[in-house]
Amino acid sequence: MAAFVEPHFDAWQAAGGNLTVVDKVPPEMLHMIHPHWNQFPPMNPLWHSILGFAIFVLGMVSMIGNGFVMSIFTSTPSLRTPSNLLVVNLAFSDFLMMFTMGPPMVINCWHETWVFGPFACEVYACLGSLFGCASIWTMTMIAFDRYNVIVKGLAAKPLTNNGAMLRILGIWAFALFWTLAPFFGWNRYVPEGNMTACGTDYLTQTWLSRSYIIIYAIFVYWTPLLTIIYSYTFILKAVSAHEAQMREQAKKMNVASLRSTEANQTSAEIKLAKVALVTISLWFMAWTPYLVINFTGIFKAAPISPLATIWGSLFAKANAVYNPIVYGISHPKYRAALYQRHPWLSCQDAQESSHDNQSTVSGATTATEEKA
């Protein structure tokens, strides 16, 4: 990373070392800037251009993809199931993430600093935290619903529309609590080192400020991660045991396979579990850089440069692009409905359309039939 900074650092030294990354910040923002950033020269404008272009592309792909997901899942009767309400909520959160955060960041990259004032900086950071928290807990609820369906089977209590709505309301209330706390003095929202985005303050060394990041990470990163790992560990165990029973029964009956329509449907349900696992892994890949940056700051584990903070912003916002792509590629009924409305997308051929008659997101039907 130092290699990216050195060429611009030479120009900084040639100018007498007087220019810093803070110089372009509007005067009314200076009280929010930590002294740590005063030691760094301005970032090369090329990095601002690259970041702005990347956020623009990610924003367009995310809003179009998540728009398709929300439209098709809510307007297709066979997809309006309780479990799919969680999928719609995930797409809604991801859509708002890029709708509210993409344009401001592109504009700031053009100006190479934050230009919207202190309050807009706080709102921007709050919205990013809100939609990020809502997304991860929605993903957690989807994973737990898969666990409930595949592992518990007939013993599971089916998810209802009311139950799904209560979970969604709980997710947003929980996210709102954590994201409003900095407005009341528990940590604060400040410009990041690249000065084109805002986030939590991970450089102030008071324990009141540190405690927010530590506790927030426990409830919004580590707890969901452990819950998801637990859910998918038992899902994979249940799938493995089921496949072993199928092979054993086939041997006893002296047939090559016991696969039937119900079994094929179960395979689709299992496929969704794998897809959801991949999606969640991508989410954590997106948000881990932010976690590393925040913990590096509060524990002073290593110096943080403005260039390093770019990757936190970029990877976190890329999360909003992954989900519609993964569901669009792997979800048969979604793919069929998308092809029916937009044949030009070529998302499904005719033969596949005639065979895809089971939603892999819908919920307990498949697993219940298989268990029975």
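Residues numbered from 1 in each chain as written. Predicted model: local features only at pLDDT ≥ 70, side-chain atom pairs only at ≥ 80, totals over all residues. Heavy atoms only, no water.

Draft legend 1. Here's a closer look at a nonpolar patch on the surface. Among the surface-exposed residues, F53, F56, V57, M60, V61, I64 and I325 lie close enough to one another that they form a single nonpolar patch of about 630 Å² accessible area. Looking at the nonpolar patch, the element that brings in the most residues is helix α2 (residues 45-75), giving six residues. With respect to the helices, strands and loops of the structure, F56 is situated in helix α2. When its relative accessible area of 46% is taken as the criterion, F56 is described as partly exposed. (Patch = residues over 30% accessible without salt bridge, like charges linked within 9 Å, V, L, I, M, F, W, Y side chains within 5 Å. Areas by Shrake-Rupley, 256 points an atom, 1.4 Å probe, with all protein chains shown as cover. Salt bridge = Lys/Arg side-chain N within 4 Å of Asp/Glu carboxyl O. Helix = DSSP H or I, 4+ residues; strand = E, 2+ residues; numbered from the N terminus. Buried < 20%, exposed > 50% of the residue type's maximum accessible area, 1.4 Å probe, protein only.)

Draft legend 2. Summary view of the packing of aromatic side chains. Using the criterion set out here, one finds 25 aromatic pairs in the structure. Relative to W178, the ring of F177 lies with its centre 5.2 Å away and its plane at 75°, an arrangement referred to as edge-to-face. Residues W178 and W186 carry aromatic rings whose centres are separated by 5.8 Å and whose planes lie at 40° to one another, so their mutual orientation is tilted. You can call W178 buried: its relative accessible area is 5%. Look at W186 and you get partly exposed, because its relative accessible area is 21%. Taken together, W137, F174, F177, W178, W186, Y212, Y216 and F219 form an aromatic cluster joined through their ring pairs. In this arrangement the basic side chain of R210 is found over the ring face of W207, its NZ or CZ atom lying 5.0 Å from the centre. In this structure, K237 is placed above the aromatic ring of F234, and the distance from its NZ or CZ to the ring centre is 5.2 Å. (Phe/Tyr/Trp six-rings, centres within 6.5 Å; stacked < 30°, edge-to-face > 60°. Lys NZ or Arg CZ within 6 Å of the ring centre and 35° of its normal.)

Draft legend 3. Focus on the nonpolar core. In terms of nonpolar packing, the biggest core is built from 94 residues, with W37, Y202 and F284 touching the most fellow members. It is helix α4 (residues 118-150) that contributes the most residues to this core, 16 residues altogether. With residues up to four places along the chain from it excluded, the contact list for Y202 reads W37, I213, I293, N294, G297, I298, I304 and T309. (Core = buried A, V, L, I, M, F, W, Y, C linked by side-chain atoms within 4.5 Å. Contact = heavy atoms within 4.5 Å.)

Draft legend 4. Just empty space enclosed by the protein, in detail. Going through the model one piece at a time under the given rule, you end up with five cavities of 30 Å³ or more. Lining the largest cavity we find 27 residues, and of these S129, Y216, W287, Y290 and N294 sit closest to its centre. Broken down by secondary-structure element, the contributors of at least two residues to the lining of the largest cavity are α3 (82-111), α4, β2 (198-200), α6 (207-252), α7 (261-299) and α8 (306-330). Here the lining of the largest cavity is built from residues that sort into 19 nonpolar, six polar and two charged. (1 Å grid on protein atoms, 1.4 Å probe; cavity = no way out; pocket = protein on both sides within 12 Å on 5 of 7 lines; lining within 4 Å. Points joined across faces, edges and corners; volume = space filled by probe spheres on them. Nonpolar A, V, L, I, M, F, W, Y, C, P; charged D, E, K, R; others polar.)

Draft legend 5. View of unusual backbone geometry. Its identity is not glycine, yet E112 carries a phi of approximately 65°, on the positive side. Along the polypeptide, E112 turns up in the loop between α3 and α4. Owing to a relative accessible area of 21%, E112 belongs among the partly exposed residues under this scheme. Even without glycine at this site, K300 takes up a positive phi of about 50°. Mapped onto the elements of the fold, K300 is located in the loop between α7 and α8.

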